[in-house]
Each structure stands twice: as C-alpha cells, then as structure tokens.
Amino acid sequence: MQFVTADTHFFHSDLLGIDDFAPRPFPDVATMNQTIIDNWNAKVGEDDLVYHLGDIALYFTKPARKSDEAVLEVLNQLHGHLVLVKGNHDSRALFKYLAAHNYEFNGRPKFEFHDVGVLMKYDHRQYYLTHYPLMLGIAPQIINLHGHIHHYAVPVKENINVGIDSPELDYLSAKPAFGAPVNFHEVEEMVEKKAVDFAKRH
C-alpha cells in the first residue's frame, strides 16, 4: 500500500506545547517521537511505500553527525520504504548521511531521495507531491499534495495539506492518529470533500 505524510519534525522541541503554528501538546520530544513512531507503525506495513514530503526532523548537535545518527535511528524504526522529498528543514548533509547508510530489503531501498517533488498517478488522477504548496493553475486532474504550512490550508481545492498537523485531516470520516501517514483512499476522500467544501464557499 502507498501512503503520504509530511512535517514530522522529529526532535523539534520548539513545537511542544500550545504553539500558534503547530501545537503539539507533548511533555518532551522523546514522547512526541515515540507517539509518531507507534502510530505510524500501527498503520503502515513493513513493505509499504511512504512518501514523506519534507521536514523530517529539526535537531542540531555538535558534532552535526550526532543529530544525523539520531534521525537515522528514528527513521529505521518506521515501517516501510521511504521516498523523501526535501523540505526547508532537511539539510543536504542529512540526505547524504542517509544515502550513505541506505540499504535494500524486499528488492527496494529503504530510502529514495528527491529535491523538489514526485509526479505520480493514482486511479484517475495525477498527484504532484512536494514540500511547498504549488500554484498549478488550471489543471483539474492534477492535485498538489504538500506539507510545510502545518495547521494552515491553501484556499485552493487542488492543494491538499497532508502534513501530520494539517487541518484538512478533518475532512476524513476517521481522522488518523497523530503522526500516522494517510493512504491514497484517504487522500481521495480529502480531495473530494475539499472540493465540495470549496464549492459551498465560493
């Protein structure tokens, strides 16, 4: 099965508590990290494919290699093969470190890397998977799945925020547990319900 997510922000202590941008009411980053890991693994199978649309973690140490090691340790606990699209908080050094420690299982690498985005087809639609929301113009069969804006939403029906803090997860009849990626059946539900919501408002 295929899934998509964004903005896990592992280790990001500034998001803890009631924050205007992305409120995460956890006592510490260890609890937040473990909650995301547990909820992810309860939904994603070991051989599933997960598109992670950027901002994996925010963690700075000296030497920097220690933070890269810590992020790799977290990612290795997550089920699935991870297609990583670079976010504004994802350094080239981290991607190089992950690439150097990549490995294969069941015929596919643990990590795959993209600087800008991935264009894919699912059912009758095309999806452009990016970190930043894109203004695609009049392209009714292309949906932009993105992260970056946390608990905000783009007022365009073709843009769907799939980040773990996204308010658009409320379109789902069964909202995922915090940190669990959404599968493409759920993405379709979000697309359809946002279009209906958008038609009512405009």
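Here, every reference points to the structure presented above.
Bear in mind the structure is a predicted one, so any value in this text is a computation, not a measurement. (Residues numbered from 1 in each chain as written. Predicted model: local features only at pLDDT ≥ 70, side-chain atom pairs only at ≥ 80, totals over all residues. Heavy atoms only, no water.)

1. Describing the pattern of salt bridges
Point 1. Overall, the coordinates contain eleven salt bridges when judged by the stated rule.
Point 2. The salt bridge involving Glu192 is made with Arg125; its shortest N-O contact spans 3.8 Å. Separated by 67 residues along the polypeptide, Glu192 in helix α4 (residues 184–201) and Arg125 in strand β8 (residues 125–130) bring together distant segments of the chain.
Point 3. For Glu192, a relative accessible area of 45% translates into the label partly exposed.
Point 4. With a shortest N-O distance of 3.0 Å, Lys175 and Asp170 are connected by a salt bridge.
Point 5. Given a relative accessible area of 51%, Lys175 falls into the exposed group.
Point 6. We classify Asp170 as exposed; its relative accessible area is 52%.
Point 7. Beyond isolated ion pairs, a larger network of salt bridges with shared partners links Arg125, Glu188 and Glu192. (Salt bridge = Lys/Arg side-chain N within 4 Å of Asp/Glu carboxyl O. Helix = DSSP H or I, 4+ residues; strand = E, 2+ residues; numbered from the N terminus. Buried < 20%, exposed > 50% of the residue type's maximum accessible area, 1.4 Å probe, protein only.)

2. Observations regarding the nonpolar core
Point 1. The biggest cluster of nonpolar side chains holds 26 residues, and the ones touching the most others in it are Phe10, Ile56, Leu75 and Leu82.
Point 2. Elements supplying a minimum of two residues to this core: α1 (29–43), α2 (64–75), β3 (81–85) and α3 (92–100).
Point 3. Per-element accounting of this core gives the leading share, five residues, to α2.
Point 4. With 23 residues, the next largest nonpolar core counts Val118, Leu145, Leu172 and Val182 among its residues. (Core = buried A, V, L, I, M, F, W, Y, C linked by side-chain atoms within 4.5 Å.)

3. Some points on the packing of aromatic side chains
Point 1. In the structure shown here, the tally under the stated rule is seven aromatic pairs.
Point 2. Here the aromatic rings of Phe11 and Tyr59 are separated by 4.5 Å at their centres, their planes lie at 10 degrees, and the arrangement is stacked. With Phe11 in the loop between β1 (2–5) and α1 and Tyr59 in the loop between β2 (49–52) and α2, this residue pair connects regions lying 48 residues apart in the sequence.
Point 3. We classify Phe11 as buried; its relative accessible area is 16%. (Phe/Tyr/Trp six-rings, centres within 6.5 Å; stacked < 30°, edge-to-face > 60°.)

4. Observations regarding unusual backbone geometry
Point 1. Positive phi, normally seen in glycine, also occurs at Asp7, with a value near 60 degrees.
Point 2. Located in the positive-phi region is His9, a residue other than glycine, with phi close to 50 degrees.
Point 3. Structurally, His9 is set in the loop between β1 and α1.

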